[in-house]
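These are the residues of each chain, in order.
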Amino acid sequence: MAFNWKKFYTEKIIKDLSEKFNFKNVHQVPVLEKIVINAGVGDATKDAKFVDSMFNELTVITGQKPVTTKSKKAIAGFKLRENQNIGVKVTLRGNKMWNFVANFVNVALPRTKDFKGFNNNSFDSFGNCTIGIKEQIIFTEIDYDQIKRIRGFDLTFVISKNSKEQSFALLQSIGVPFRK
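We now turn to the structure provided with this report. Remember, it's a predicted structure, so these values are computed and weren't measured experimentally. (Residues numbered from 1 in each chain as written. Predicted model: local features only at pLDDT ≥ 70, side-chain atom pairs only at ≥ 80, totals over all residues. Heavy atoms only, no water.)

Attention shifts here to the layout of surface pockets. Of the volumes computed, that of the largest pocket is approximately 400 Å³. Within the lining of the largest pocket, the residues separate by chemical class into six nonpolar, four polar and seven charged. Quantified by volume, the second largest pocket comes out at close to 180 Å³. Every residue lining the second largest pocket is listed: Lys-6, Tyr-9, Thr-10, Val-31, Leu-32, Glu-33, Gly-94, Asn-95, Met-97 and Trp-98. Of all the secondary-structure elements, those providing two or more residues to the lining of the second largest pocket are α1 (5–21), β1 (32–40) and α3 (94–108). With four residues, α3 is the largest single contributor of residues to the lining of the second largest pocket. Considering only residue class, the lining of the second largest pocket consists of five nonpolar, three polar and two charged. (1 Å grid on protein atoms, 1.4 Å probe; cavity = no way out; pocket = protein on both sides within 12 Å on 5 of 7 lines; lining within 4 Å. Points joined across faces, edges and corners; volume = space filled by probe spheres on them. Nonpolar A, V, L, I, M, F, W, Y, C, P; charged D, E, K, R; others polar. Helix = DSSP H or I, 4+ residues; strand = E, 2+ residues; numbered from the N terminus.)

What follows is the structure, given as structure tokens:
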């Protein structure tokens, strides 16, 4: 039987955060609304197959089909044409989001070399947290022999509250490790 994240959130996290911040109502507790994964592929100007490769890798990692991102304007210095595919992104919500969090925290992060936790300053003014992942090979779904190039991507945890402190507490209670 799979771990029920919704039950864990409602029974443990809401209770812990309500006590910590003295919330009177359950709706005051911050909620992880979505996770946005964005991968820019700089080599796409030389070979479009790099975008296809990252597209397939993100599909395997997340279990959801990504969307390709296109350039907005042409930049001759970068050999970039307008409307050229230059990256991929995927937005996870609901059960796929919680399954990704479980895989990320419990399987992928322990495989990261010399990992000491994420920077505490990764939060924006709205309480959202953006984390850079240096290698896609930390995920067990990726077959090392099939990848064309080791790439990184950005994970953005979008949280319902505008408080950095409350967002930090939510991500810590989920299991995202931060530096001491």
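Right, let's talk about the pattern of salt bridges for a bit. All told, the structure shown has one salt bridge when counted by the stated rule. Between Lys-12 and Asp-16 there is a salt bridge; the shortest N-O distance is 2.6 Å. Of the two residues, Lys-12 and Asp-16 both sit in helix α1, four residues apart, roughly one turn of that helix. Since its relative accessible area comes to 42%, Lys-12 is described here as partly exposed. Note on Asp-16: relative accessible area 31%, which makes it partly exposed. (Salt bridge = Lys/Arg side-chain N within 4 Å of Asp/Glu carboxyl O. Buried < 20%, exposed > 50% of the residue type's maximum accessible area, 1.4 Å probe, protein only.)

This next bit is on α3. Here α3 is 15 residues long and its end C-alpha atoms lie 20 Å apart, about the 21 Å a rise of 1.5 Å per residue gives. Of the residues making up α3, those classed as buried are Met-97, Trp-98, Phe-100, Val-101, Ala-102, Asn-103, Phe-104, Val-105 and Ala-108. (Expected span 1.5 Å × (residues − 1).)

Tracing the backbone through its elements, the reader meets Asn-128 in the loop between α3 and β4 (129–133). Looking at Asn-128, its side chain comes within polar contact range of the main-chain nitrogen of Ile-159, at 3.0 Å. Excluding residues that lie within four positions of it along the chain, Asn-128 makes contacts with Ser-122, Phe-123, Phe-157, Val-158 and Ile-159. (Polar contact = N/O pair within 3.5 Å; in protein donor to acceptor, adjacent residues only side chain to side chain. Contact = heavy atoms within 4.5 Å.)

Moving on: empty space enclosed by the protein. A complete count under the given rule lists one cavity of 30 Å³ or more for this structure. Quantified by volume, the largest cavity comes out at close to 40 Å³. If you go around the largest cavity, the residues you meet are Phe-50, Ser-53, Met-54, Glu-57, Gln-136, Lys-148, Arg-149 and Arg-151. A class-by-class count of the residues in the lining of the largest cavity yields two nonpolar, two polar and four charged.

Interpretation in functional terms is not warranted from these geometric data alone.
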